[in-house]
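Now for the letters of each chain:
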Amino acid sequence: MRPFFLSLSTLTCILGLIFIMRGCFHPAKYQKELSKKTTTAVRVTQVYTEANHFVIVGIGIVSLGILITFIGTLIGTDEGKTLYSRLTGKTEKSLKVTDKIETQQCEENRIESDS
């Protein structure tokens, strides 16, 4: 279960870092337009607001990755197995009971065949 959380948090953090880098390089795309004398304040505000949005979304995604890592460290291997068994509907007790029943039936068949 831990490798699942590790890989999920790694992918999430990489995605967040991509958003952060995209936000950092966003104003550079509009450098020609921003360097003009006739650039309006509205256009400058729009460009930097878009860049700020990318960075904030990236920080949120990285924070989600850190949260996933924290949850992964809290869930132990036994808890992961029980969670998996709850999700799939299989329990170890039911499997053990059916194994015992099959074993008893095999023993009864042997006794009957020996008689």
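Residues numbered from 1 in each chain as written. Predicted model: local features only at pLDDT ≥ 70, side-chain atom pairs only at ≥ 80, totals over all residues. Heavy atoms only, no water.

**A look at the overall build of the protein chain**
Alright, step 1. Within the protein chain, the regular secondary structure consists of 5 helices and 0 strands.
Alright, step 2. Ordered by position in the sequence, the α and β elements of the protein chain form the string α-α-α-α-α.
Alright, step 3. Across the 115 residues that make up the protein chain, the buried fraction comes to 19%.
Alright, step 4. Sequence separation of 24 or more characterises 79% of the internal contacts of the protein chain that already satisfy a separation of 6 or more.
Alright, step 5. Accessible surface, the protein chain as shown: approximately 9200 Å² in total, 65% of it carbon and sulfur. (Helix = DSSP H or I, 4+ residues; strand = E, 2+ residues; numbered from the N terminus. Buried < 20%, exposed > 50% of the residue type's maximum accessible area, 1.4 Å probe, protein only. Contact = heavy atoms within 4.5 Å. Areas by Shrake-Rupley, 256 points an atom, 1.4 Å probe, with all protein chains shown as cover.)

**Structural notes on the environment of Tyr-30**
Alright, step 1. If you trace the backbone, Tyr-30 turns up in the loop between helix H1 (2-29) and helix H2 (31-34).
Alright, step 2. If we skip the residues at most four places from it in the chain, Tyr-30 touches Arg-43, Val-47 and Glu-50.

**Details of the confidence of the model for the protein chain**
Alright, step 1. Of the residues in the protein chain, 78% reach a pLDDT of 70 or more, and the chain-wide mean stands at 83.
Alright, step 2. The element-level mean pLDDT for the protein chain is lowest in helix H5 (residues 92-114), coming to 63, with helix H3 (residues 41-74) highest at 93. (pLDDT = per-residue confidence, 0-100.)

**Some details on H1**
Alright, step 1. An ideal rise of 1.5 Å per residue puts 40 Å on 28 residues; H1 measures up with 40 Å between its terminal C-alpha atoms.
Alright, step 2. Within H1 the residues assigned to the buried category are Phe-5, Ser-9, Thr-12, Gly-16, Ile-20, Gly-23, His-26 and Pro-27.
Alright, step 3. Of the surrounding elements, those touching the buried residues of H1 are H2 and H3. (Expected span 1.5 Å × (residues − 1).)

**What about the side chain of Ser-9?**
Alright, step 1. Inspection of the secondary structure assignment puts Ser-9 in helix H1.
Alright, step 2. Looking at Ser-9, the relative accessible area reads 4%, which means it is buried.
Alright, step 3. Separated by 3.1 Å, the side chains of Ser-9 and Thr-69 make a polar contact.
Alright, step 4. Ignoring anything within four residues of it in the chain, the contact list for Ser-9 reads Gly-65, Ile-68 and Thr-69. (Polar contact = N/O pair within 3.5 Å; in protein donor to acceptor, adjacent residues only side chain to side chain.)

**A few points about the packing of aromatic side chains**
Alright, step 1. The full count for this structure, using the stated rule, is 2 aromatic pairs.
Alright, step 2. Measuring from centroid to centroid gives 5.6 Å for Phe-4 and Phe-5, while their planes differ by 70°, and the two rings are edge-to-face.
Alright, step 3. A residue is classified by how much of its surface remains accessible, and Phe-5, at 13% relative accessible area, is buried.
Alright, step 4. Ring geometry for Phe-19 versus Phe-54: centroids 6.4 Å apart, planes at 40°, classification tilted. With a gap of 35 residues between them, Phe-19 in helix H1 and Phe-54 in helix H3 connect regions that are remote in the sequence. (Phe/Tyr/Trp six-rings, centres within 6.5 Å; stacked < 30°, edge-to-face > 60°.)

**Some thoughts on the pattern of salt bridges**
Alright, step 1. As enumerated under the stated definition, the model contains 1 salt bridge in all.
Alright, step 2. Between Glu-33 and Arg-43 there is a salt bridge, with its nearest N and O atoms 2.5 Å apart. Here Arg-43 lies in helix H3 and Glu-33 lies in helix H2, a separation of 10 residues in the sequence. (Salt bridge = Lys/Arg side-chain N within 4 Å of Asp/Glu carboxyl O.)

**Structural notes on the side chain of His-26**
Alright, step 1. With respect to the helices and strands, the residue His-26 is situated in helix H1.
Alright, step 2. Here His-26 is in contact with Val-47, Glu-50, Ala-51 and Phe-54, once residues within four sequence places are set aside.

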